Amino acid sequence: MQSLKNAEILLFSLPVLLLLFLAGCWNSNEIEDLGLSIGLALDEGKESPIEKEFMEYGEEYLKEDFITLTYQFANLQSTESAGTGEERQLKPYENISETGDSFHQMTREFSLRRSTPMFSPHLKVIVIGEDLASKHSLEQLLDQFLRDNEIRPSCLVLISKGQASKTLESKDTMEIPSFRLLGISANEYKTTRILPPISLAKIEGTMNSGNSFLLQNVISANGEVKFAGAAIIEGKTKKLLGFFNEDELDGMTWLTGKGKGGIVKILDQETGQPFMYEVTSMNSKIIPHVNGNNITFDVNIESTGRISENWVVSKKLSKQTFLKFAEKATEEEVNRLVDLTLNKMQNEYKVDVAGFGNQLRIKHPKLWEKHKKDWDKTYSKIPINYNVNISITDFGFKNYSN
């Protein structure tokens, strides 16, 4: 009898419990009622025209104008009335800037200008302008965003050569610039000129290591953007030190072996005509050698790929002859790219952003402890030898004589 009573109680309680679980969104907000922030740009302080007008009408609070923060909000309303009974298409985003000296304070100022509360868990990118990154450490510039538990640590971090807020603009009225930047970063399997994406979570660990590192550089012009080279961040100061151009970033990808795909253009010395080598696989191994107090490095770079295009039509070569010619010419071009990169690292900027120090730490930890405080200075004087081995395994459908 008791068990039957318990069963009746359970049967009655089950629907009530299910209703409680179904009511999990009782305190949620409709998405239309939120200011959905999706992108963020940091620049040197320059008040926008609307901010200057606010000041004329009496806006005043304690601040210094050395940083301009530009948020990109998703516009969830696709059309609006034009006042003539017709509707006009709206841009899918809206950029709003605020100038001051505290990111948290500037963010809260948006609450005085917008009817919808800011909601940032879907923030996709943070772009930092070169002028700001060269004067202030990334540790300072990203501190508030790393502490903010609303912003996802997967948010992508980029450097802009030029004004960062310009990268959040587009002449395409149907395009959202923050999504465009995120989409470009996913194209690394197509080219050796895109770095593996660096997120907020990853950059925090990298900064804490004290090592110098790279961030993807983005440039903008007339509403268009392009990933163009990389920004060099100095490990001790965590400030922008300089840039790799596109060829030098190419060389860095070959030096580290982190490329997922890409092409190499080779110019035939005899005809001046190009042919293209497309990467199928890439690998690099950095080997430290220690002899007493002397340190040297060997770098072995290997790649397999295919000939994807050939303009060298005047050379009537057999398949085997062309194979040897193409492999050697590709190796020489990769050597040139790597040499450009090493020269920039060791002679101009004197920083290790390729992971040589990490390999020394793994293979010779005691010696690393001795040099880690001044590693960039030590690294700039260390001899580095490298060897490139290219294997062409595919010619496409092009026929060659034997």
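The rules behind the values
Residues numbered from 1 in each chain as written. Predicted model: local features only at pLDDT ≥ 70, side-chain atom pairs only at ≥ 80, totals over all residues. Heavy atoms only, no water. Helix = DSSP H or I, 4+ residues; strand = E, 2+ residues; numbered from the N terminus. Buried < 20%, exposed > 50% of the residue type's maximum accessible area, 1.4 Å probe, protein only. Contact = heavy atoms within 4.5 Å. Areas by Shrake-Rupley, 256 points an atom, 1.4 Å probe, with all protein chains shown as cover. Salt bridge = Lys/Arg side-chain N within 4 Å of Asp/Glu carboxyl O. Pairing = 2+ DSSP bridges. Axes fitted to C-alpha atoms, helices over the stretch in contact; angles between N-to-C directions. Arc of directions from axis to C-beta. Phe/Tyr/Trp six-rings, centres within 6.5 Å; stacked < 30°, edge-to-face > 60°. Lys NZ or Arg CZ within 6 Å of the ring centre and 35° of its normal.

> Mind showing me how you'd approach the overall build of the protein chain here?
Helix and strand counts for the protein chain stand at 13 helices and 15 strands. The buried share among the 402 residues of the protein chain stands at 44%. Within the protein chain, counting contacts between residues at least 6 apart in sequence, those at least 24 apart form 71% of the total. When the accessible surface of the protein chain is totalled, it reaches about 22500 Å², and 51% of it is carbon and sulfur.

> Explain the side chain of Ser185 to me, please; I cannot follow it from the model alone.
In this structure, Ser185 sits in helix α7 (residues 177–185). With sequence-adjacent residues up to four places away left out, Ser185 is seen in contact with Leu156, Ile194, Pro197 and Phe227.

> Please clarify how the pattern of salt bridges should be interpreted in this entry.
Working definition: two side chains of opposite charge can pair if their charged atoms are close together. Within this structure, the stated rule accounts for 16 salt bridges. Residue Arg336 pairs with Asp247 through a salt bridge whose shortest N-O separation is 3.6 Å. Linking Arg336 in helix α10 (residues 319–349) with Asp247 in helix α9 (residues 246–256), this pair joins segments that are 89 residues apart in sequence. We classify Arg336 as partly exposed; its relative accessible area is 38%. According to the relative accessible area criterion, Asp247 is partly exposed, its value standing at 26%.

> Can you help me understand the sheet that holds strand β13 (residues 274–291) in this one?
Backbone hydrogen bonds are what pair the strands of a sheet, in a parallel or an antiparallel way. An order of β12-β13-β14-β15 is seen for the four strands of this open sheet, with the pairing classed as mixed. Because the sheet does not close on itself, it has two edges, and the strands there are β12 (263–267) and β15 (384–394). Neighbouring strand axes in the sheet, compared pairwise and without regard to direction, differ in orientation by 35 degrees on average. Taken strand by strand, α9 contacts β12, β13, β14 (294–310) and β15, and its axis lies near 60 degrees from that of β13. Most of the contacts of helix α11 (residues 356–363) go to β13, to which it runs at about 45 degrees, and overall it touches β13, β14 and β15.

> What should I look at first to understand α7 in this one?
Owing to its 3.6 residues per turn, the α-helix brings residues three or four apart onto one side. Along α7, the residues that are buried comprise Pro177, Ser178, Arg180, Leu181, Ile184 and Ser185. Mapping the buried residues of α7 onto a view down its axis gives an arc of 160 degrees, with all of them on the same face.

> Could you clarify how one ought to interpret α11 in this entry?
Every buried residue belonging to α11 is among Phe356, Gly357 and Leu360, and all of these are buried. Buried residues of α11, viewed axially, fall in a sector of 95 degrees; they line one side.

> Even after reading the chapter, I still don't get unusual backbone geometry, so can you show me in this structure?
Trans peptide bonds make up the majority, and among non-glycine residues the majority have a negative phi. In this structure, Asn222 is a non-glycine residue whose phi angle is positive, near 55 degrees. Here Asn222 shows up in the loop between β9 (213–221) and β10 (224–233).

> How should I be thinking about the environment of Ile184 in this particular structure?
Here Ile184 lies in helix α7. Relative accessible area serves as the criterion here: at 18%, Ile184 is assigned to the buried category. Linking Ile184 and Phe227, residues 43 residues apart in sequence, is a C-alpha distance of 7.8 Å. Excluding anything up to four places from it in sequence, Ile184 contacts Ile194, Val225 and Phe227.

> Explain the packing of aromatic side chains to me, please; I cannot follow it from the model alone.
In this structure the tally under the stated criterion is ten aromatic pairs. Relative to Phe73, the ring of Tyr71 lies with its centre 6.0 Å away and its plane at 35 degrees, an arrangement referred to as tilted. Residue classification places Tyr71 among the buried positions, given a relative accessible area of 2%. For the ring pair Phe322 and Phe325, a centre distance of 5.8 Å and an interplane angle of 50 degrees mean the geometry is tilted. Of this pair, Phe322 and Phe325 both sit in helix α10, three residues apart, roughly one helical turn. Grouping aromatic residues by their ring pairs yields a cluster made of Phe297, Phe356, Trp368, Trp375 and Tyr379. Over the ring of Phe243 we find Lys161; its NZ or CZ atom is 4.8 Å from the centre of that ring.

> It is not clear to me how the pairing of strand β8 (residues 156–160) should be interpreted in this structure. Could you clarify?
Every regular strand shows the same layout, with side chains that alternate between the two sheet faces. Burial within β8 is extensive, with five of its five residues counted as buried. Of the two faces of β8, the one lined by Leu156, Leu158 and Ser160 and the one lined by Val157 and Ile159 are each fully buried. Strand direction decides the pairing type here: strand β7 (residues 125–129) and β8, joined by five bridges, are parallel. Bridged to Ile126 within β8 is Val157. The pairing of β8 with β9 spans two bridges and is parallel. Residue pairing for β9: Ser160 is matched across the bridge by Val218.

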